[in-house]
Structure formats: C-alpha cells, structure tokens
Amino acid sequence: MVIALCLMRICAIIPAYQAERNVGDVTREALRVHGLAGAVIVVDDGSSDRTAERARAAGGTVLRHPENLGKGAALRTGMEFALAAGFDMAVTIDADGQHPPEEARRLIEADADPEALVLGVRDLVGAGAPRANQISNRISNFFLSLFAGRPFADTQCGLRRYPLRKTLSLGARDEGYAFEAEILLRAVAAGVRLVEVPIRVIYPPEEERLTHFDSVRDPARIVRRVVATLALTRGLRHVPAAPTLSPDPRRPLAQELDPHPSQPAAAPP
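Residues numbered from 1 in each chain as written. Predicted model: local features only at pLDDT ≥ 70, side-chain atom pairs only at ≥ 80, totals over all residues. Heavy atoms only, no water.

(A) A look at the overall build of the chain. Of regular secondary structure, the chain possesses nine helices and eight strands. The proportion of buried residues among the 269 residues of the chain is 51%. (Helix = DSSP H or I, 4+ residues; strand = E, 2+ residues; numbered from the N terminus. Buried < 20%, exposed > 50% of the residue type's maximum accessible area, 1.4 Å probe, protein only.)

Rendered as structure tokens:
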C-alpha cells in the first residue's frame, strides 16, 4: 500500500475568491511542499481583484471562472482539471492563509491507502477561532455525524486529501461551502475510507482575517444540502451513479492561465 501511494501523482488545489492579500504566499509555500510534484492549481472563482495575477506570479497554474460560482464549483473545476492532467490525488488548501501549506505534508503521509479521503481536523479553541466559527462548526459536526451514523471531528476544514477519480465519481452537486459536507455523506454511502488527522491552523487578528463564510447563513445551507443528499442516497444505503452532465454554461471554459509565460511576470508590489 505504501508503494502504491508513492506512485501516485499528487497536486494542491487552492480555491480562491478576492484573495489577493494571501494567495501569492500560500501558492509559493505550497510549491515548496515535498510530495506535491511542484504542482499547485489555483482556481480563481470570479474575483474582481488581483487574485489570479498574484497566484500566477507565484508560480501556480491558474484557472479562472468568469463569475463567482462558489467554493464547491471551484473545487470541482480544480479536481476535473487535475484528473485530466494525470494527477491521482489532490490536497486542497484554503487561500486565506489559515492552513499553513506545510500541513499538507501531514495529510500526504497520514495514510498509505491512495483511495482514502483524508480530513484535516482543527483545534478551533486552541487556535483562538472566533466563537461564531466554533459554534457553526459544532452545529455542522453534530448534524453530519448524526446523519452519517459516525462521528466527525471537523466537517468544515478545507485542508483535505482527495482521491480524484473516486471523489468526482461520487457526483456531489453543491456549488458552495456545502460541497465539502456533501462529499462526506456520499463518501460514507459509497464505503470510502475516511481518515481524520489533527492539523495546525492559524487565525490572525480579526482585522486581518479574510473569510467569505457566513457563520449563520452557510451552516443552514449545509444542513439543507445534507438533508437533500440523504434523500438522494436513500438514507446512506447507496450513492447513485454520478450523472453525465453537459457543461455548466456558467463555467464553460475555466480559463487556464499559463504559469510559465515566455516573459516572466513582474513580482506584485
């Protein structure tokens, strides 16, 4: 099993929206992580700032949605691109700088099974996360654990290791933050091994934090998606085959920006 994991091609996927402040540093640090094959894919989800420019200048392969579609849509775009490019696994890293990219190495080495879905688990209290974040995470953990019939320690952490082909075959539909919760339920229904690994997380001072997660609205959306997923999977007895979908007209060409232009990009100020 260890040999099988060593033979896997692993990349990083960074979904990013209005993240010009941190995405360059996150991309550069991820490119230094041993085991990621020097491959970092940044999906700019319709940002109006310099997110794509900063990520590209840092050396990432940049895909860009023409409009903001949501974190789930950005993750799916990155996974589809990575699978088509020959990668077997992806470690997802949030663009806000809360997940030190070197923690990706912890997930890569956490389990030798290349088909396992590896979940980062944060210590929100120890990291000084805002109380609203702690409460919303507990709510999501409670409902996901209840409906899945197994405990989950952190259902909202964006630092994960995904087996690409298996993950995409689960057919998750949500385009927002609930995508990550939906994947968990569909993985349980499909019998995918789920591995939880403690990871370090950084919460900067409140005035420096960048988040698009609404601690009231988004947990409610997650619960709605969970209920819909339970109906689709008939109470987690099985996962329906992933449908063959025509391309979403809103993301017809997640534009790839060449990370290695003929003229080197100037470093951002």
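(B) Spotlight on helix H4 (residues 71-84). For H4, with 14 residues, the first-to-last C-alpha span of 20 Å sits near the 20 Å given by 1.5 Å per residue. Within H4, ten of the 14 residues are buried, which leaves it mostly tucked inside the rest of the structure. Within the sequence span of H4, burial applies to Lys71, Gly72, Ala73, Ala74, Leu75, Arg76, Thr77, Gly78, Met79 and Ala82. (Expected span 1.5 Å × (residues − 1).)

(C) Main features of the packing of aromatic side chains. Summed over the entire model, instances satisfying the criterion amount to two aromatic pairs. Ring geometry for Phe142 versus Phe143: centroids 5.3 Å apart, planes at 80°, classification edge-to-face. A relative accessible area of 53% means that Phe142 is categorised as exposed. For the ring pair Phe143 and Phe147, a centre distance of 6.0 Å and an interplane angle of 35° mean the geometry is tilted. Remark: Phe147 and Phe143 occur in helix H6 (residues 131-148); sequence separation between them is four residues, near one turn of the helix. (Phe/Tyr/Trp six-rings, centres within 6.5 Å; stacked < 30°, edge-to-face > 60°.)

(D) Quick look at the pattern of salt bridges. Evaluated as defined, the whole model comprises 15 salt bridges. Salt-bridge contacts for Arg193 lead to Asp111; the nearest nitrogen and oxygen are separated by 2.8 Å. Of the two residues, Arg193 is situated in the loop between helix H8 (178-190) and strand E7 (194-198) and Asp111 in the loop between helix H5 (103-110) and strand E5 (117-121); the sequence distance between them amounts to 82 residues. We note a salt bridge from Glu196 to Arg150, for which the minimum N-O separation is 3.6 Å. Here the residue Glu196 occupies a position in strand E7, and Arg150 occupies one in the loop between H6 and strand E6 (160-163), the gap between them amounting to 46 residues. One connected set of salt bridges, linked through shared partners, spans Lys71, Asp94 and Glu180. (Salt bridge = Lys/Arg side-chain N within 4 Å of Asp/Glu carboxyl O.)

(E) Fine view of the confidence of the model for the chain. Confidence in the prediction of the chain, expressed as mean pLDDT, is 81, and 73% of residues score 70 or more. Overall, residues 257-269 carries pLDDT values under 50, and its contacts beyond four positions in sequence, including any with other chains, amount to 16 contacts. (pLDDT = per-residue confidence, 0-100. Contact = heavy atoms within 4.5 Å.)

(F) Inspection of the environment of Ala82 at higher detail. Summarising the element assignment, Ala82 is placed in helix H4. For the pair formed by Ala82 and Ile41, sequence separation is 41 residues and the distance between their alpha carbons is 7.9 Å. Setting aside its immediate chain neighbours within four residues, Ala82 contacts Cys11, Ile13, Ile41, Phe87 and Leu164.

(G) Seen up close, the pairing of E6. Burial along E6 is two-sided: Arg160 and Tyr162 facing one way and Arg161 and Pro163 facing the other are all buried. With four bridges connecting them, strand E4 (residues 89-92) and E6 associate as antiparallel partners. Bridging from a neighbouring strand, Val91 pairs with Arg161 of E6. By the bridge criterion, two bridges tie E5 to E6 in an arrangement that is antiparallel. By the bridge assignment, Val118 is partnered in E6 with Arg161. (Pairing = 2+ DSSP bridges.)

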